[in-house]
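# Structural description and commentary
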Amino acid sequence: RRLEGDDASSYETRSLRPTTERTLDDVWAASRRCLAEAQSETRPAMIRADLDRYVLLRPKTVDLSYSNTVQPLTVCMRRCNLRGRCYDVRDGSLLDAAVEIEARDPERGPASHGDVVLNASYALRSNKEGWRQVTSLGPVTPLARHFSDGDAKKPLDVFIGLEPTHINLRVRVEPADATVTVQGLSVKSGPSTLKVEDLKSRWVKHGDSLALPLKVEASKDGYVSHTTTIYARAMPHRTDINIKMRPAQICIRCVSTEGIVIEDAIDVVVENERHSLKFGGMDESVFGAWVATQKKVNRRDRSPALQALLEHEADVRSELFAAGKAASSARVLEVFTTRGGADGARLAAQAGRSSRGGVVVGASYTIRATHADYLSDVMERRFDSNAFTGNGPLIVDVPLVPVYCDVVLRVIDASTGNDITDGDASIHGIRLGERRTARLRLFEHSREPLDADVVVTHKTYAQVQSTYEQLRPGPVLTYTVRMRPTRVLVTPTHGNEPVPLARCSLVTEDKVLDANGPVLIELNVAYRVRVEHASLIKIGDDLVTFRKEQFLDDELYTLNVEMADRGASVAIEVVDETTGDAIDGHVKLSGVEVGSSVDDVTWRRCFPVRATCIHPSMSLVKATLRVERGADTTEDEVKASSEGALVPSYTPKADEGATLILKLRSLQFRVTCTHAADSSFVFDDASLTIAPRDATISTSLKVEKQANGWLVSQLPPCAHGYSVWCAVGGAAQNKACVVTLDELLRAPRGEVFETMVTMEPIDGDINLNVSDGEGSDVALGAHRVGGWRGAIRLIGVSTGSLEVDSNADALVGECRVRAGASQHVALRRRRTTVDVVAKCDGAVLEDVRCSLRDQDGTMLDLPGAVVVSTQMGTRDGADVLLDGGA
């Protein structure tokens, strides 16, 4: 032991002090001090006592110290004794039940009067009738620590939890053959006993006692599934279950798209693979149920029709079911209407819609409605139990769309607002006559809205407008048509000025109407206009027929009658430009065919006057207007173009002599051929082809051979000009040659227009196959194929470019063809450039969705207000849709 304290030196001191300085007295003093400390120290020690079926209770430890005396030690041991107790696991209350303690290890010794051996295995068992053990099912091993607490004079309590094993039920259900399950276990009507462990439920506090919550379900085809929860107490108590199931009844209610109930007898079939229900008609059972329901209604609240049906119940029954077991909706409607009059139809529809039972809850059904006046889509409906709410049957709405629309038409006078009742009306092509209400069956094959197209005709009224609303099945549509009386004011004019003191009248076959003021006339009747004046005469058409389109404006319709001075006219002469000889030709002024003289009114109607003359081989080249005013004569001459000659402005007068001289020229030109490489090339065997550039013109031309050329005459006038082709062996025309009509007309008088055709050497043939349905004019170089379609061989044609008539609405790309080759020519249309600009009240709409739809139904979306190019358009045009057509 290391010496410490005052006698023990520190390390630093001992290192400086020699070891010989420690004396023996110091050592003995330190030893005596250590012995004194050891004698005064006390140490605790554990106490262990071993005795069969006993356990040490106290003390567990003792303090030991050095002493020369013996101290007595007394220990207290407790007997290892167990006592089994039972309790209800539901609420913890104690039960009076015996508990058996069985030793699982017989060698250690069985339990005797509750005495057990520590660390031995024992089983606790209780066999109380109607109860089962749910706790302490495993072995129990007593340990010393279990007996350390509590009263040592009493045995140690061991608790076992018990619960009831059975419950008693009494089930009453309507109908008696329904399937009833309790917690999924099938039970029958009447008393029954169920095991608690099979119910898989837990006890809960219910009222003043404990009960087992149980889910009870009842089901049967044709009835609504019933589900409820009961609380069953343990035996010997009995729980009653009373279930009255609701029949799965439905009734059909036919409604329009607006939700309005349709009071018509309509056959409706509700069916699936297992069975079907029919509504509209009825069988005897349905009729009996309906009669029983109606008899519950107070007598004073019954309608006369219902009272008559109930009083003659037997007769009605025999009439309904005379032909079979079930009556159709048509039969029910017939019998009820016979007995109850107009109100019988309502009762027939009501009876046909009455409830029917037997649907399978949770199954899907197909619903079909059939009626001549209605259309209905096939419905798929699943009848779930949660849909059957309330006490009555489930009401199923079947939407129907009528094939008709009811129309009320009102025709009024636009000026007075009075109704017009004698007009003949038609809507969407269906004639109503003088009727103003109609039911139009227009939707038997389609439900899309239709344009009304209301047309009302009247002898003395013209339809102005009608309210725009499309015909659609549903509620009553009312259309108002405004009509305007056909009043006419006859106004004679001369030089665009009214003529005073003129007497006007309109004459028909049977009457004469004084037309000096507004007069009411009949439409589509021919009137002869009669105007009498001292110095003027009426010119123009004598007969006039008034149409309704002439009376669409609010202003009074005015019939202007042109008056002219007696003798005012313009003479027409057609002469040869070179010889001055008269020529026969058809003269037209601004498209109006005239003869050798034109009166004052017709001349003024043609302003501005453009003269044309049709001749088979001559064309108008000049027009001269000669006016003689006494001894003074003036002439104005204008040149003509391919569209005719614009005559100088002139107003005929009675004291002047005016003559319009049309000068025609024979159409001819000279064709000269030359070789591009060989100036000495001989064209003696060459052939010339001349054709107007218009497929509708067919004529025979006169061609005279001259030195190195031909003189072509007797040409028909053609606004598109003439194509010239020259063919000769060993050479070919290098490009197409076209002579226009304006070139022939601009040639000086007496001179012949000359055109030059250049030929070039060739070698070989070219095969073409032209495919196009438009009849465009096709040419290869100077060789014209024209409207030919299919395979064709061009003999002796050199290399050239395929070309198409520029007037045709088709084109091909640049295509070079060489001699000896085969080429397929497929024409396609020109591009269609579409510029879509949407405006509203003059303002350009920026964000507009545009699309282009052609005749094939192909859609092309276009951005708004931009220029796009597309190959999808056709010559016949396309529809531009804005905002999807809205």
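Residues numbered from 1 in each chain as written. Predicted model: local features only at pLDDT ≥ 70, side-chain atom pairs only at ≥ 80, totals over all residues. Heavy atoms only, no water.

## A closer look at the overall build of the protein
Quick reminder of the rule: Secondary structure follows DSSP: runs of H or I at least 4 residues long count as helices, runs of E at least 2 residues long count as strands, and numbering of each begins at the N terminus. In this scheme, a residue with accessible area under 20% of its type's maximum is buried, one over 50% is exposed, and one in between is partly exposed, where area comes from a 1.4 Å probe on protein chains only. Note on definitions: a residue-residue contact is assigned when non-hydrogen atoms from the two residues lie within 4.5 Å. The Shrake-Rupley method, run with a 1.4 Å probe, gives the accessible areas here. Residue values count only the displayed protein chains as cover.
Scanning the protein from terminus to terminus reveals 10 helices and 79 strands. Relative to its 886 residues, the protein shows a buried fraction of 38%. Pairs at least 24 apart in sequence give 63% of the contacts found in the protein among residues at least 6 apart. On the protein, roughly 50,800 Å² of surface is accessible, and the fraction owed to carbon and sulfur atoms is 47%.

## Brief notes about the nonpolar core
What counts is decided by this rule: What is meant by a nonpolar core is a set of buried Ala, Val, Leu, Ile, Met, Phe, Trp, Tyr and Cys residues, joined one to another through side-chain atoms within 4.5 Å.
Ile-250, Val-268, Val-270 and Phe-388 are the most contacted members of the largest nonpolar core, which has 28 residues in total. Of all the elements in the fold, those that place two or more residues in this core are strand E21 (250-255), strand E22 (267-271), strand E23 (276-279), strand E26 (364-370) and strand E29 (394-399).

## What to know about the sheet that holds strand E40 (residues 503-507)
Note the following rule: By this definition, two strands are paired if DSSP reports at least two bridges between them. Axes here mean lines fitted to C-alpha atoms, for a helix over just the part in contact, with angles spanning 0 to 180 degrees between N-to-C directions.
With respect to topology, 4 strands assemble into an open sheet ordered E41-E40-E43-E45, the strand pairing being antiparallel. Every other strand in the sheet has two partners, leaving strand E41 (512-514) and strand E45 (543-545) as the edge strands with one partner each. Across the sheet, the mean angle separating the axes of adjacent strands is 35 degrees when strand polarity is ignored. As paired strands, E40 and strand E43 (residues 526-532) are joined by 5 bridges and run antiparallel to one another. Among the inter-strand pairings, Ser-505 is bridged to a residue of E43, identified as Arg-530.

## Focus on helix H5 (residues 304-311)
Where H5 is concerned, the buried positions are Ala-305, Leu-306, Gln-307, Leu-309 and Leu-310. Where H5 is buried, its residues meet helix H4 (284-295), helix H6 (313-320), helix H7 (329-340) and helix H8 (342-352).

## Focus on the pairing of strand E11 (residues 166-174)
By the bridge criterion, 6 bridges tie E11 to strand E14 (residues 190-195) in an arrangement that is antiparallel. Directly across from His-166, in E14, lies its bridge partner Lys-195. By the bridge criterion, 7 bridges tie E11 to strand E19 (residues 238-244) in an arrangement that is parallel. Residue Val-171 lies in a different strand from E19, and its bridge partner there is Ile-241.

## Structural notes on the sheet that holds E11
Paired through their backbone hydrogen bonds, the strands of a sheet run either parallel or antiparallel. The 3 strands are arranged E14-E11-E19 in an open sheet whose pairing can be described as mixed. Each end of this open sheet is capped by a strand with a single partner; those strands are E14 and E19. Averaged over all neighbouring strand pairs, the angle between strand axes comes to 30 degrees, with direction disregarded.

## Examining the packing of H4 against H5
Stated precisely, the cut-off is as follows: Throughout, the term roughly parallel applies to angles under 35 degrees, roughly antiparallel to angles over 145, roughly perpendicular to angles from 65 to 115, and oblique to all others. Handedness of a helix crossing follows the sense of rotation of the near helix relative to the far helix, less than a right angle counterclockwise being left-handed and clockwise being right-handed. Under this grouping Gly is polar, as are all residues other than the nonpolar Ala, Val, Leu, Ile, Met, Phe, Trp, Tyr, Cys and Pro and the charged Asp, Glu, Lys and Arg.
Where H4 contacts H5, the axes come no closer than 11 Å and their chain directions differ by 125 degrees. Here H4 lies oblique to H5, going by the angle between them. H4 and H5 meet at a crossing whose hand is left-handed. When H4 is examined against H5, the residues Trp-290, Val-291, Gln-294 and Lys-295 are found in contact with a partner set consisting of Leu-306, Leu-309 and Leu-310. Residue composition of the contact of H4 with H5, by class: 5 nonpolar, 1 polar and 1 charged.

## Observations concerning the confidence of the model for the protein
Reading fine detail from the predicted coordinates is not recommended where pLDDT is low. Put simply, the rule reads: Per-residue confidence from the predictor is given as pLDDT, running between 0 and 100.
Predicted confidence across the protein gives a mean pLDDT of 80, with 84% of residues reaching 70 or more. Mean pLDDT across the secondary structure elements of the protein bottoms out at strand E78 (residues 867-870), with 38, and peaks at strand E12 (residues 179-182), with 93. Counted against residues more than four places away or in other chains, residues 6-11, with its pLDDT under 50, gives 4 contacts. Taken together, the stretch residues 864-876 has pLDDT below 50 and engages in 38 contacts with residues farther than four places along the chain or on a different chain.

## So, the side chain of Arg-693
Spelled out, the test is: Here a polar contact is taken to be a pair of N or O atoms separated by no more than 3.5 Å, where protein atoms must pair a possible hydrogen donor with a possible acceptor and residues adjacent in sequence count only if both atoms sit in side chains.
Counting through the fold element by element, Arg-693 comes out in the loop between strand E57 (687-692) and strand E58 (702-706). Among the polar contacts made by the side chain of Arg-693, one reaches the main-chain carbonyl oxygen of His-720 at a distance of 3.2 Å.

## Quick notes on the pattern of salt bridges
Put simply, the rule is: What makes a salt bridge here is a side-chain nitrogen of Lys or Arg within 4 Å of a carboxyl oxygen of Asp or Glu, nothing more.
For the coordinates displayed, the defined rule picks out 33 salt bridges. The partner of Arg-48 in a salt bridge is Asp-50, and the shortest N-O contact between them spans 3.4 Å. Look at Arg-48 and you get exposed, because its relative accessible area is 72%. Three or more residues are tied together by salt bridges with common partners; here these are Arg-83, Arg-85 and Asp-157.

## What about H7?
Which entries qualify depends on this criterion: Take the number of residues in a helix, subtract one, and multiply by 1.5 Å to get its expected span. Directions drawn from the helix axis to the C-beta atoms are what define this arc.
In this model H7 runs 16 Å from its N-terminal to its C-terminal C-alpha over 12 residues, within 8% of the 16 Å that 1.5 Å per residue would give. Among the residues of H7, Ser-329, Val-332, Val-335, Phe-336 and Gly-340 are the ones counted as buried. Projected onto a plane normal to the axis of H7, the buried residues spread over an arc of 135 degrees and lie on a single side. Away from its buried face by more than 90 degrees, H7 exposes Ala-330 and Thr-338. Where H7 ends, the next residue or the one after it, Gly-341, has phi of about 75 degrees, a positive value.

## Examining the pairing of strand E33 (residues 430-433)
With 3 bridges connecting them, strand E32 (residues 424-427) and E33 associate as antiparallel partners. Pairing of Ala-425 across the sheet is with Gly-433, part of E33. Counted along the chain from E32 to the antiparallel partner E33, the turn is 2 residues long, and its residue His-428 has a positive phi close to 50 degrees.

## Quick notes on the packing of H5 against H8
To characterise two packed helices, one gives the angle between the axes of the helices and the distance between these axes. The interhelical angle for the contact between H5 and H8, taken along N-to-C directions, is 70 degrees, at an axis separation of 8 Å. It follows that H5 is roughly perpendicular to H8 by the angle criterion. Residues Ala-305, Leu-306 and Leu-309 of H5 lie in contact with H8, whose contacting residues are Asp-343, Gly-344 and Leu-347. Its residues placed into classes, the contact of H5 with H8 shows 4 nonpolar, 1 polar and 1 charged.

## Examining unusual backbone geometry
With an omega of -10 degrees, the peptide bond between Arg-58 and Pro-59 qualifies as cis. Assignment of secondary structure puts Pro-59 in the loop between strand E2 (54-58) and strand E3 (61-65). Following Phe-607, the chain continues to Pro-608 via a peptide bond in cis, the omega torsion being -15 degrees. You will see that Asp-453, though not glycine, has its phi angle at about 50 degrees, which is positive.

## What about the packing of aromatic side chains?
What counts, and what does not: Side-chain rings of Phe, Tyr and Trp (the six-membered ring for Trp) are treated as a pair once their centres are within 6.5 Å; stacked means planes under 30 degrees apart, edge-to-face means over 60, and tilted covers the remaining angles.
Under the definition given, this model contains 11 aromatic pairs. Between Phe-551 and Tyr-557 the ring centres are 5.3 Å apart and the planes differ by 55 degrees, which places this aromatic pair in the tilted class. Residue Phe-551 is classed as buried on the basis of its relative accessible area of 4%. Given a relative accessible area of 21%, Tyr-557 falls into the partly exposed group.

## Considering the side chain of Asp-406
The residue Asp-406 is located in strand E31 (residues 404-413) in this model. A distance of 2.7 Å separates a polar atom in the side chain of Asp-406 from a polar atom in the side chain of Arg-439. Not counting the four nearest positions on each side in its chain, Asp-406 is found in contact with Ala-438, Arg-439, Pro-475, Val-476 and Leu-477.

## A look at a nonpolar patch on the surface
Formally: Here a patch means residues that are over 30% exposed by relative accessible area and free of salt bridges, tied together within 9 Å if like-charged and within 5 Å if nonpolar (Val, Leu, Ile, Met, Phe, Trp, Tyr).
On the surface, a cluster of nonpolar side chains totalling about 320 Å² of accessible area is made up of Leu-24, Val-27 and Trp-28. Mapped onto the fold, Trp-28 is located in helix H2 (residues 24-39).

## A closer look at the environment of Thr-370
Along the chain, Thr-370 falls in strand E26. Judged by its relative accessible area of 54%, Thr-370 falls in the exposed class. Spatially, the C-alpha atom of Thr-370 lies 9.6 Å from that of Leu-400, the residues being 30 residues apart in sequence. Excluding residues within four positions of it along the chain, Thr-370 makes contact with Ile-266 and Asp-267.

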